[in-house]
Amino acid sequence: MSSLLDALQSKALAELASIADLKNLEDWRILYLGKKSQLNQALRSLSSLSIEERRQMGAQANQLKALLESSLEDKKKTLQQAQLTGTKQEYFDITLPGRPLTLGRLHPVTQTIREICSIFSGLGFQVVEGPEVEWDYYNFESLNIPPGHPARDMWSTFWMDVSPRWSGPVSQGHLPAQASPMLLRTHTSPMQTRVMEKTKPPVRVVIPGKVYRYEATDATHESQFHQVEGLAVDEGITLADLKGTLYEFARRFFGSDRKARFRCDYFPFVEPGVEMAIDCWVCKGAGCRLCGQSGWIEILGAGMVHPHVLERVGYDSSKYTGFAFGMGVERMPMLKNGIDDIRHFFTNDLRFLRQF
Ligand code: YSA
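Draft legend 1. Representation of the pattern of salt bridges within the structure. Scanning all chains against the criterion turns up 15 salt bridges. Here arginine 252 makes a salt bridge to glutamate 248, at a shortest N to O gap of 2.7 Å. Taken together, the residues span about one helical turn, with arginine 252 and glutamate 248 both in helix H9 (residues 239-254) at a distance of 4 residues. In this structure, glutamate 275 engages arginine 263 in a salt bridge whose closest nitrogen and oxygen atoms are separated by 3.9 Å. A residue pair is termed long-range when its members are at least 10 positions apart, and glutamate 275 in strand S7 (residues 270-279) and arginine 263 in strand S6 (residues 260-265) qualify at 12 residues. Look at arginine 263 and you get partly exposed, because its relative accessible area is 44%. A cluster of three or more residues bridged by salt bridges with shared partners is formed by Glu248, Arg251 and Arg252.

Written out as structure tokens, the structure is:
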């Protein structure tokens, strides 16, 4: 057995010396040190020897095992080093640039919200956010839209299946907002009341966020979309401030070559009310499917905050006036980049999203 182990040692070390890559080294390890290796079989057969022989052969076999293991480690280090420095045939070039990681990017709607907010920040407005699930009081009543008001039809929405419950005190016969039903907000305007309830004038805020409507979708209408609300309240604010601010915004967002148009509009929470439209990017004002043949696309509703809205939050409407607006976010990049259908934003088609 001793001569068998000697022969095994010479053969194993001779083969190891000629190995030039890690794959063959692994094969060598399995052959000489693996479970079914000759060495392991020799170790297992020790039990059939006499005690004296077992001691001698056991020691020799263990020495050989240790020698093969340390030789294997040395060889492995040598081969790995050769790979890194490129001194052997099998190597990789560590100077090659790595594989680029696929980085995500912000959704075009998020990019637009950030751009809009950044423009208004530059005009002195703070950015505030509010809840998407809202009380009827903030969404409608505080904005002069009591139950049964026809404006509710225009903003038909998704109601929460929670029955209003209020067991707290009733001050001067008025139930608090929390006693009204809850809904997915139909516009960002409820945040006007929330901000004014918590702040004394002067106020200058923009409020970006998601809104929901029970709406038949088409190229410019979604049932879930985004708005940015704006509110400025101070002494001496006039409609000229509203128009000046929004013209300046349109100039910075769309560029000075685009046309903006104001027309009278009606919203129960402003007096007077206006809508602002930008000339259609696709047809350049000639009329097309996107703009409903009008040449213009409405981007926002606005107006001078109604005195009742101011009084309701405790502002003195004989001292303070204000303007407010609510713009549709998706329509802004549509107008800027010629996107012909609002639904592209939410179908998650990477061919569309990667363009922004
Ligand atoms: C009006 C006066 C104020 O003092 C303050 C805000 C407002 C705006 C009001 N809260 C409102 O929501 N008006 S709106 O229904 O006309 O919507 C405002 C803008 O949102 C529209 O001009 C349009 O750009 C966008 N929008 C409306 N419905 C949409 C939509 N965008 C996509 N899909 C829809 N279904």
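On we go.
Draft legend 2. Region of the structure containing the state of the cysteines. Scanning the model with the defined rule gives 0 disulfides in all. There is no disulfide at cysteine 288, and the cysteine sulfur nearest it, in cysteine 280, is 3.7 Å away. When its relative accessible area of 13% is taken as the criterion, cysteine 288 is described as buried. Sulfur of cysteine 291: no disulfide; nearest cysteine sulfur belongs to cysteine 283 and is 3.6 Å away.

Draft legend 3. Up close: the pairing of S7. Taking burial as the measure, the 10 residues of S7 include 8 buried ones, the bulk of the element. Remark: 4 residues form the turn of the hairpin made by S6 and S7, two consecutive strands paired antiparallel. Pairing of S7 with strand S8 (residues 296-305) involves 8 bridges; the strand directions are antiparallel. Paired with glycine 273 across the two strands is glycine 303, which belongs to S8.

Draft legend 4. Spotlight on the pairing of strand S5 (residues 224-235). By the criterion of burial, S5 is predominantly enclosed, with 9 of the 12 residues buried. For strand S4 (residues 203-212) and S5, the ladder comprises 10 bridges, and the chain directions are antiparallel. Paired with valine 203 across the strands is valine 233, a residue of S5.

Draft legend 5. Seen up close, the environment of arginine 263. Measuring from C-alpha to C-alpha, the distance between arginine 263 and methionine 276 comes to 6.6 Å, with 13 residues separating the pair along the chain. Sequence-distant contacts of arginine 263, that is, excluding residues within four places in its chain, are made with Gly273, Val274 and Glu275.

Draft legend 6. Geometry of the packing of helix H1 (residues 2-18) against helix H2 (residues 22-33). At a closest axis distance of 11 Å, the pairing of H1 and H2 adopts a crossing angle of 170 degrees. Comparing the axis directions of H1 and H2 gives the class roughly antiparallel. Contacts between H1 and H2 pair Leu8, Lys11, Ala12, Glu15 and Leu16 from the former with Leu25, Trp28, Leu31 and Tyr32 from the latter. Its residues placed into classes, the contact of H1 with H2 shows 7 nonpolar, no polar and 2 charged.

Draft legend 7. Up close: the sheet that holds S4. If you trace the 7 strands from one edge of the open sheet to the other, you get S1-S4-S5-S9-S8-S7-S6, paired in mixed fashion. If you trace the sheet from one side to the other, it starts and ends with strand S1 (126-127) and S6, each paired once. For S8 and strand S9 (residues 320-328), the ladder comprises 5 bridges, and the chain directions are antiparallel. Residue pairing in the sheet places glycine 303 in a bridge with alanine 324 of S9. Where helix H5 (residues 108-122) meets the sheet, its contacts fall on S1, S4, S5 and S9, and the angle it forms with S4 comes to roughly 165 degrees. Most of the contacts of helix H8 (residues 190-198) go to S5, to which it runs at about 40 degrees, and overall it touches S4, S5, S8 and S9.

Draft legend 8. Here's a closer look at the packing of aromatic side chains. One pass over the full model with this rule turns up 17 aromatic pairs. Members of the aromatic cluster, connected to one another through ring pairs, are Phe120, Phe125, Phe249, Phe253, Phe254 and Phe325. In this structure, arginine 194 is placed above the aromatic ring of tyrosine 138, and the distance from its NZ or CZ to the ring centre is 4.3 Å.

Draft legend 9. Fine view of the site of the ligand. The full set close to the ligand counts 26 residues, and Ser189, Arg213, Glu215, Glu222 and Glu298 are the nearest of them. Here isoleucine 299 contributes a backbone N or O atom positioned 3.1 Å from an oxygen atom of the ligand. With respect to the ligand, the backbone of leucine 300 contributes an N or O atom lying 3.3 Å from an oxygen atom. In the complex, the protein chains occlude 96% of the 690 Å² of accessible area that the ligand would expose alone. At the level of elements, S5, S8 and S9 are the ones that each hand at least two residues to the shell around the ligand. Tallying contributions element by element places S8 first for the shell around the ligand, with 5 residues. Looking at the shell around the ligand residue by residue, the classes come out as 11 nonpolar, 9 polar and 6 charged.

About the criteria used
Residues numbered from 1 in each chain as written. Predicted model: local features only at pLDDT ≥ 70, side-chain atom pairs only at ≥ 80, totals over all residues. Heavy atoms only, no water. Salt bridge = Lys/Arg side-chain N within 4 Å of Asp/Glu carboxyl O. Helix = DSSP H or I, 4+ residues; strand = E, 2+ residues; numbered from the N terminus. Buried < 20%, exposed > 50% of the residue type's maximum accessible area, 1.4 Å probe, protein only. Disulfide = S-S within 2.5 Å. Pairing = 2+ DSSP bridges. Contact = heavy atoms within 4.5 Å. Axes fitted to C-alpha atoms, helices over the stretch in contact; angles between N-to-C directions. Parallel < 35°, antiparallel > 145°, perpendicular 65-115°, else oblique. Nonpolar A, V, L, I, M, F, W, Y, C, P; charged D, E, K, R; others polar. Phe/Tyr/Trp six-rings, centres within 6.5 Å; stacked < 30°, edge-to-face > 60°. Lys NZ or Arg CZ within 6 Å of the ring centre and 35° of its normal. Near = heavy atom within 4 Å. Polar contact = N/O pair within 3.5 Å; in protein donor to acceptor, adjacent residues only side chain to side chain. Areas by Shrake-Rupley, 256 points an atom, 1.4 Å probe, with all protein chains shown as cover.

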